[in-house]
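Descriptive analysis of the structure
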Amino acid sequence: MNWRFAPQPYQATPADAVDLGSVFSATGSVDNRDAITPADTTYARLWWRWTAPASGTFRWTAVRTDGSMVKPSSRVYNSNLQSITNRQQYSCLAGQIFLLSAQTFADSAGRFDYQLTLDPSATNDALASALPLALGDNPFNTTNAGVEPGEPVPYLSFTWERSLWWQWTAPT
């Protein structure tokens, strides 16, 4: 009788997540075929831990590279393992810790590439860092702007709303 010992990958549970540190971007290639744990035989899931180096918007994606049509699911959790709504991009604050996962069903595990990218916020993204408003042109771009906790939400709120802040003092 031959026995084969297949150790669990080093990142198959949140406690064993690979620490990406505090980087603005990270890419890599992994295989989740051995990431099925006795506690969860439905999914083959790998984990990473990331600390946001700056406030902004980040993206976490996983793409198959082994020719399989089964796309891995990319998920983002806060440090308490509460899932954050599954979407294309996420807001973060500097120093905030996230747990990132990529998973497939166990019977469709395989190779995939992962990518993490952070777009830092604009300088005046927070009310506390409002910029002086000057007369004349003040071009702005809200692409990397976020929404602060407790910020009033307009009546017709959409998920793409962002805010930048300026301060102005009326002349006397």
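Check the entry above for the structure.
Residues numbered from 1 in each chain as written. Predicted model: local features only at pLDDT ≥ 70, side-chain atom pairs only at ≥ 80, totals over all residues. Heavy atoms only, no water.

Time to look at the pattern of salt bridges. What the rule picks out here adds up to three salt bridges. Between D31 and R33 there is a salt bridge, with the nearest N and O atoms lying 2.4 Å from each other. Residue classification places D31 among the partly exposed positions, given a relative accessible area of 28%. Here R59 ties to D119 by a salt bridge, and the two come within 3.1 Å at their closest N and O atoms. Of the two residues, R59 is situated in strand β4 (residues 56–64) and D119 in strand β8 (residues 111–120); the sequence distance between them amounts to 60 residues. According to the relative accessible area criterion, D119 is partly exposed, its value standing at 24%. (Salt bridge = Lys/Arg side-chain N within 4 Å of Asp/Glu carboxyl O. Buried < 20%, exposed > 50% of the residue type's maximum accessible area, 1.4 Å probe, protein only. Helix = DSSP H or I, 4+ residues; strand = E, 2+ residues; numbered from the N terminus.)

Quick look at the packing of aromatic side chains now. A full pass over the atoms with the stated rule returns nine aromatic pairs. Put simply, the rings of W50, F58, Y90 and F98 touch in pairs and so form one group of aromatic residues. (Phe/Tyr/Trp six-rings, centres within 6.5 Å; stacked < 30°, edge-to-face > 60°.)

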